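These are the residues of each chain, in order.
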Amino acid sequence: MTHTGGPSELVHLDIADRVATVTLDSPANRNALSRRLVDELTDRLRRADTTEGVRVIVLAHTGTTFCAGADLVEAVESGMVQGSRALVALLRLVAGLRVPVVAVVRGHVRAGGVGLVGACDVAVVSETSTFAFSEARLGLAPAVISLTTSSRMGERDAAYKYLSGVTFDGIEAARCGLATYAVAPEDVPNRVVAMLAELTRASPQGLRETKRLLNAALLERIGREGEALAELSARLFASAEAREAMSAFRERRPPSWDYPGSAEGPPPSVQGSGTTQTS
């Protein structure tokens, strides 16, 4: 087995038996897509893809969350212009790698994390994993991640899940097309091993050209729409509604448009604690 990196890294790369395993290891912030994690993930994926003999990449995680989406601390401090563009580039990279990528999810997935799963070619999830397109509840829209998720789901599924931000389990993720298989948590390792055995039997050219065929339309769409969707995402992150939603999230209170018992938002005492006020 080949292992690269040190104990302080956020993303690990291990290579053995034609399989490269890339593991997200930033449980303290639920594997959020911070600048550092995205940079390391990009590097590990590229290294895995160019390593002779690798036929499949497994994208796994430590902790109870596969990926929580954007790092909201960084988003509040410096905006999301670069972050949105970096996410577009990451999704393009995953879809364009020469070998298939298998997401292995044994925990929670939110927002940008769902987009990352959608970019993978195959996804094995535990039945107890949970998913949500949480953007609409934060004054945002699943702009960038629609690139890799809308084509996986039917239009009705996408509409309801995007608009409501509802949480759904791994069984529903498989039913609607976001996951390939949903299995009991204890059965995930065996299902992954069986799947990898099948995938690694294919020839390198067969895998490469089939993946190219499957993802041609997706890569074309990313090239055509990615920049505009990144700009939309950054603009929404900078909006007053999104700032209010993030303040409410940090302060563990409802946002102004969902304050209990009031159609006009929270009372002045709460407004003074971080909510945008208007005259």
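Residues numbered from 1 in each chain as written. Predicted model: local features only at pLDDT ≥ 70, side-chain atom pairs only at ≥ 80, totals over all residues. Heavy atoms only, no water.

This brings us to the sheet that holds strand β10 (residues 168-169). Read across the open sheet, the four strands follow the order β5-β7-β9-β10; overall the sheet is mixed. Because the sheet does not close on itself, it has two edges, and the strands there are β5 (65-67) and β10. Pairing analysis gives two bridges linking strand β9 (residues 130-132) to β10, with the strands arranged antiparallel. When the bridges of β10 are listed, T130 appears paired with D169. Running at roughly 100° to strand β7 (residues 108-110), helix α4 (residues 112-119) makes contact with β5, β7 and β9 of the sheet. (Pairing = 2+ DSSP bridges. Helix = DSSP H or I, 4+ residues; strand = E, 2+ residues; numbered from the N terminus. Contact = heavy atoms within 4.5 Å. Axes fitted to C-alpha atoms, helices over the stretch in contact; angles between N-to-C directions.)

Every buried residue of helix α6 (residues 155-164) is listed here: D157, A158, K161, Y162 and S164. Packed against the buried residues of α6 are α5 (146-149), β10 and α7 (170-176). Trailing α6 by a residue or two, G165 shows a phi angle of about 70°, which is positive. (Buried < 20%, exposed > 50% of the residue type's maximum accessible area, 1.4 Å probe, protein only.)

Taken as a whole and assessed by the stated rule, the structure comprises three aromatic pairs. Between the aromatic rings of F131 and F168, the centroid separation amounts to 5.7 Å while the plane-to-plane angle is 15°, which identifies the pairing as stacked. Here the residue F131 occupies a position in strand β9, and F168 occupies one in strand β10, the gap between them amounting to 37 residues. Take F131: its relative accessible area is 1%, and that puts it in the buried class. Consider the rings of F133 and F168, whose centres lie 6.5 Å apart with planes at 25°: the pair is stacked. With F133 in the loop between β9 and α5 and F168 in strand β10, this residue pair connects regions lying 35 residues apart in the sequence. In this structure F133 comes out as buried when scored by relative accessible area, which is 0%. Judged by relative accessible area, F168 falls into the buried class, the value being 7%. An aromatic cluster is defined as three or more aromatic residues linked by ring pairs; in this entry it consists of F131, F133, Y162 and F168. Over the aromatic face of F168 sits the side chain of K161, whose NZ or CZ is 5.0 Å from the ring centroid. (Phe/Tyr/Trp six-rings, centres within 6.5 Å; stacked < 30°, edge-to-face > 60°. Lys NZ or Arg CZ within 6 Å of the ring centre and 35° of its normal.)

This brings us to the packing of helix α1 (residues 35-49) against helix α3 (residues 81-96). At a minimum axis distance of 11 Å, the contact between α1 and α3 shows a crossing angle of 20°. What the angle tells us is that α1 and α3 run roughly parallel. For the crossing formed where α1 meets α3, the hand is left-handed. Judged by residue contacts, V38, L41, T42, L45 and R46 of α1 engage A86, L90, L93 and V94 from α3. Partitioned by chemical class, the residues of the contact of α1 with α3 number seven nonpolar, one polar and one charged. (Parallel < 35°, antiparallel > 145°, perpendicular 65-115°, else oblique. Left-handed = near helix turned anticlockwise from the far one by under 90°. Nonpolar A, V, L, I, M, F, W, Y, C, P; charged D, E, K, R; others polar.)

Everything listed is a geometric property; what it means functionally is a separate question.
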